[in-house]
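Structural characterization, general
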Amino acid sequence: MSKRRHLGEFRWEGVALQPYKEPPEMSRRATRQVLFDGEYGSAAQLRYFEIEAGGHTTLERHEHPHAVIVLRGRGHVLVDGTIEPVAPLDLVSVPPMTWHQLRAAEDATLGFLCMVDMERDRPQRPDEDELRDLRADPVIARFLDGH
Ligand code: MN
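Residues numbered from 1 in each chain as written. Predicted model: local features only at pLDDT ≥ 70, side-chain atom pairs only at ≥ 80, totals over all residues. Heavy atoms only, no water.

**Comments concerning the coordination of the manganese ion**
For the manganese ion, the full set of protein donor atoms is Glu 60 (OE), His 62 (NE2), His 66 (NE2) and His 100 (NE2), and the range of their distances to it is 2.0 to 2.3 Å. In the primary sequence, the donor residues of the manganese ion line up as E-x1-H-x3-H-x33-H. Of the two residues, His 62 is situated in the loop between strand E5 (44-51) and strand E6 (66-72) and His 100 in the loop between strand E9 (91-94) and strand E10 (101-104); the sequence distance between them amounts to 38 residues. A residue is classified by how much of its surface remains accessible, and His 62, at 1% relative accessible area, is buried. (Donors = N, O, S within 2.8 Å, 3.2 Å for Na, K, Ca; no water. Helix = DSSP H or I, 4+ residues; strand = E, 2+ residues; numbered from the N terminus. Buried < 20%, exposed > 50% of the residue type's maximum accessible area, 1.4 Å probe, protein only.)

Next up, the structure:
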């Protein structure tokens, strides 16, 4: 079936609710739904993620880019070395090998679409030196500490 009905509350017909990342204990406060999974030979995958209030995605970088469109809630994004507030219908492009993280506001679930390549490299986490470099910017340090 090519049309999937929206069931309310950002759930779609026939789309499983999965943990944000495996193992699930890494992502107690976030979920993933794969909305489009390379159908018809496409190279693209489209996911919908939700991060509970106060939660966040993994701080990571990788060669594959992201296109992100916020659908619900509020929060902030780290990308390109800056922190920006995000709200519904904001569009965020994440360039290759750029540290990025999305954080939900303390009082609002953050939901967003994220497009990626079907075939993609594994995300890298910052090592100690890279984390220290990132935290050298006090604005980024405060963001990473959740303030
Ligand atoms: Mn990523």
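**Some points on the environment of Ala 53**
Here Ala 53 is to be found in the loop between E5 and E6. Sequence spacing of Ala 53 and Pro 96 is 43 residues, and the spatial spacing of their C-alpha atoms is 27 Å. Aside from chain neighbours lying at most four places away, what touches Ala 53 is Arg 29, Ala 104, Ala 105, Glu 106, Asp 107, Ala 108 and Thr 109. (Contact = heavy atoms within 4.5 Å.)

**Notes on the sheet that holds E5**
Strand order in the open sheet made by the six strands is E3-E4-E5-E11-E6-E9, with antiparallel pairing throughout. Either end of the sheet is taken by a strand with one partner, and the two such strands are strand E3 (18-19) and E9. Across five bridges, E6 lies against strand E11 (residues 110-117) in antiparallel orientation. Opposite Ile 69, over in E11, you have Leu 113 as the bridge partner. (Pairing = 2+ DSSP bridges.)

**Describing unusual backbone geometry**
With a phi close to 55 degrees, Glu 9 is a non-glycine residue in the positive phi region. Tracing the backbone through its elements, the reader meets Glu 9 in the loop between strand E1 (6-8) and strand E2 (11-12). By relative accessible area, Glu 9 is classed as exposed at 60%. Here Tyr 40, not a glycine, exhibits a phi torsion of approximately 60 degrees, which is positive. For Tyr 40, a relative accessible area of 73% translates into the label exposed.

**A closer look at the packing of aromatic side chains**
Throughout the structure, instances matching the rule amount to four aromatic pairs. Aromatic side chains Trp 12 and Tyr 48 sit 5.3 Å apart centroid to centroid with 70 degrees between the ring planes, which places their arrangement in the edge-to-face category. In this pair, Trp 12 is assigned in strand E2 and Tyr 48 in strand E5, connecting sequence segments 36 residues apart. Members of the aromatic cluster, each reached through a chain of ring pairs, are Phe 10, Trp 12 and Tyr 48. (Phe/Tyr/Trp six-rings, centres within 6.5 Å; stacked < 30°, edge-to-face > 60°.)

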